[in-house]
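# Working through the structure, step by step
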Amino acid sequence: MNFQPVKGTHDLFGEEMIGMQYVIDVLSATAELYAYKRISTPVLEYTEVFSRGTGGSSDIVRKEMYTFNDKGDRSVTMRPEFTAGVVRSVVSNKMYAEGGDLPLKLYYHGPAFRYERPQLGRYRQFHQFGVEEIGIDSPRADAECIIMAMQSLYMLGFKNLRLKINSIGDEESRNNYRNALKEYFSGKLDEMCEDCHERINLNPLRILDCKVPHDQEIAKGAPKIKDYLSEASESRFYETLSIINDLGIEYELDDSLVRGLDYYSEVVFEIHALSDAGVDYGALCGGGHYGGLVKQLGGPDLAGVGYAMGVERVYNVAKDDGLLSELDTGIDLYVIPVGEEVLDDVFNITEEIRSLGFSVDNPLVSGKLGSAFKKAERRGAKFALILGEDELERGVGQLKNLKTKEQKEIDLNDLENELDEAMKPFDEQEHHHHEEKE
Ligand code: ATP
Ligand code: MG
């Protein structure tokens, strides 16, 4: 029997795991700068959370969900996205009731599940990082959210980002627009895909999201949302745009951008980036304003705004662009025992070094010096600390910088200062790289 991971899922380890973690760390740190706090909700939700929250007309809910009945015969779904679950949590915990601490500013990351056709940048289990700001209805909040999304990608070192923005208006705008789309597409349905036959009745806006090339061609001639925006939606949209513009962030207006989830209203956006090598992994980020979602899930009538990023996609573009090449993946120190007799002492000294806050390992058995050095290298150690009987008797160790090959005797009774001193050039280097990136 040869077990493989489930189709569309992937194991994360080594370089990719370190890179993904770094991406999540930078995105989280940026969210913290904007005063967001982390929330973690269950992977499993009752199916209605998504069918009502994410919306019955979305492709996600219609075709892509991992839904099953549990042993108690309750229909549950592995989250295909976070927003509906986060809003469910806000309502279940009545977070809005906490002495008027609105807006809530929450960020999250973790795995999401969609039964899609696996391909480049598209998995069945993937990871999202995202934010939700709930309890504020303002073009300024919408703008801040979009700016934060851009800012967090700049923090990772991205340069050539394409920010696409559209407004899909308020309820009234969308109703008028849906009627116009219905009229336009109804004469052309014969040429269009099966899904679009359903979309025209469920929500004709979804047709604009269709990925079939011929359908996209037809959609190009469709009426434009901008001609159907109510006055209020139009002026709100321009206010958001002018705030973004004033900060010097470039954007493109894209009137075919409608987003795949039902809960959006007013401003919606996506961020794209081709890797330097020209590879397109798909949108890095999607988001927008939502009106009725909190109420839809049983809470008060609070608006919100948020976005979600695909962590694998962000990681892949960042890696291709060389933004992750300086990531420190190794350990500080590898202790090399010389001879069987020193193993106990080496064990204890290793623990002492750990308690000082340095990452360190040793082979636990004695062996050839050469193979111990190889191991140190494979662990990415900055230093090797060689300890033989003679050294231990004198209370010293041989500290070898594995990059410069310089070797120096250090005092084992003053390990903290000795190691701090030795690590200094590396610390400075790390700070330097960091500044360059930002
Ligand atoms: P797409 O148009 O690429 O299908 P989407 O509109 O379905 O994206 P969202 O629901 O907005 O995506 O999710 C936010 C982000 O999550 C996307 O911009 C993308 O980076 C990522 N993402 C979505 N689906 C997948 C997937 N199947 N595999 C990997 N990442 C994904
Ligand atoms: Mg999708």
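Residues numbered from 1 in each chain as written. Chains lettered and ligands numbered in written order. Predicted model: local features only at pLDDT ≥ 70, side-chain atom pairs only at ≥ 80, totals over all residues. Heavy atoms only, no water.

With that out of the way, let us pick up the sheet that holds strand E14 (residues 383-388). As summarised here, the arrangement of the 5 strands in space is E13-E12-E14-E15-E16, forming an open sheet in which the pairing is mixed. If you trace the sheet from one side to the other, it starts and ends with strand E13 (360-361) and strand E16 (407-411), each paired once. When strand E15 (residues 396-401) meets E16, the two strands line up antiparallel, connected through 5 bridges. The residue bridging Lys400 from the neighbouring strand is Gln407, located in E16. The strands touched by helix H12 (residues 343-355) are strand E12 (333-338), E13 and E14; relative to E12, the strand with the most contacts, the crossing angle is about 165°. Contacting E12, E14 and E15, helix H13 (residues 369-378) runs over the sheet at an angle of about 170° to E12. (Pairing = 2+ DSSP bridges. Helix = DSSP H or I, 4+ residues; strand = E, 2+ residues; numbered from the N terminus. Contact = heavy atoms within 4.5 Å. Axes fitted to C-alpha atoms, helices over the stretch in contact; angles between N-to-C directions.)

To continue, consider the pattern of salt bridges. Applying the stated criterion to the full structure yields 27 salt bridges. With a closest N to O distance of 4.0 Å, Asp59 and Lys63 form a salt bridge. Placement of both Asp59 and Lys63 in helix H3 (residues 59-64) is noted, with a separation of 4 residues, approximately one turn of the helix. Across the pair Lys226 and Asp255 runs a salt bridge, and its minimum N-O distance is 3.1 Å. (Salt bridge = Lys/Arg side-chain N within 4 Å of Asp/Glu carboxyl O.)

So, about the environment of Asp255. Mapped onto the elements, Asp255 comes out in the loop between strand E8 (252-253) and strand E9 (264-272). Along the sequence, Asp255 and Met1 sit 254 residues apart, while their C-alpha atoms lie 51 Å from each other. Setting aside residues no more than four positions away along its own chain, Asp255 makes contact with Asn166, Lys224, Ile225 and Lys226. Within polar-contact distance, the side chain of Asp255 engages the side chain of Lys226 at 3.1 Å. (Polar contact = N/O pair within 3.5 Å; in protein donor to acceptor, adjacent residues only side chain to side chain.)

This part is about unusual backbone geometry. A cis geometry characterises the amide bond from Leu102 onward to Pro103, with omega recorded as -5°. Mapped onto the fold, Pro103 is located in the loop between helix H4 (83-92) and strand E5 (104-113). One non-glycine residue with positive phi stands out, namely Asp73, at about 65°. Of note, Asp73 is situated in the loop between strand E3 (66-69) and strand E4 (75-78).

Our focus in this paragraph is the site of ligand 1. Near ligand 1 lie 16 residues; those nearest to it are Arg114, Glu116, Tyr123, Arg259 and Ala283. One of the side-chain N or O atoms of Arg114 is found 2.8 Å from an oxygen atom in ligand 1. Tyr123 is positioned such that a nitrogen or oxygen atom in its backbone is 2.9 Å from a nitrogen atom of ligand 1. In the complex, 91% of the free accessible area of ligand 1, which totals 590 Å², lies under the protein chains. Contributing elements (two or more residues each) for the shell around ligand 1: strand E6 (125-134), strand E10 (285-290) and strand E11 (304-310). (Near = heavy atom within 4 Å. Areas by Shrake-Rupley, 256 points an atom, 1.4 Å probe, with all protein chains shown as cover.)

Core analysis: the largest hydrophobic core is formed by 52 residues, its most contacted members being Val87, Ile134, Phe185 and Leu208. When residues of this core are assigned to their parent elements, the largest contribution, 5 residues, is made by H4. Among all residues touching Val87, those that are not within four sequence positions of it are Ile134, Tyr290, Leu293, Val294 and Leu297. Residues Val131, Ile165, Val305 and Leu323 belong to the second largest nonpolar core, which totals 46 residues. (Core = buried A, V, L, I, M, F, W, Y, C linked by side-chain atoms within 4.5 Å. Buried < 20%, exposed > 50% of the residue type's maximum accessible area, 1.4 Å probe, protein only.)

This paragraph deals with helix H5 (residues 139-155). With 17 residues, H5 ought to run about 24 Å at 1.5 Å a step, and its terminal C-alpha atoms sit 24 Å apart, in line with that. Burial analysis of H5 places 12 of its 17 residues in the buried class, the great majority of the element. Buried residues of H5: Pro139, Ala141, Asp142, Ala143, Cys145, Ile146, Ile147, Met148, Ala149, Met150, Ser152 and Leu153, and no others. The backbone nitrogen of Arg140 lies 3.0 Å from a side-chain oxygen of the residue at the head of H5, namely Ser138. Just beyond H5, the residue with positive phi is Gly157, at close to 105°. (Expected span 1.5 Å × (residues − 1).)

Within E5, 9 of the 10 residues are buried, leaving the element largely enclosed by the surrounding structure. Bridge count between strand E1 (residues 37-38) and E5: 2 bridges; the pairing is parallel. Opposite Arg38, over in E5, you have Tyr107 as the bridge partner. Here E5 runs beside E6; their pairing, made up of 10 bridges, is antiparallel. Residue pairing in the sheet places Gly110 in a bridge with Gln128 of E6.

As for its placement among the helices and strands, Leu156 is situated in the loop between H5 and strand E7 (162-167). Along the primary structure Leu156 and Ser89 are separated by 67 residues, whereas in three dimensions their C-alpha atoms are 30 Å apart. When sequence neighbours within four positions are dropped, the list of residues in contact with Leu156 reads Tyr22, Val23, Val26, Leu27, Val314 and Leu323.

The values reported here are purely geometric and, on their own, carry no functional implication.
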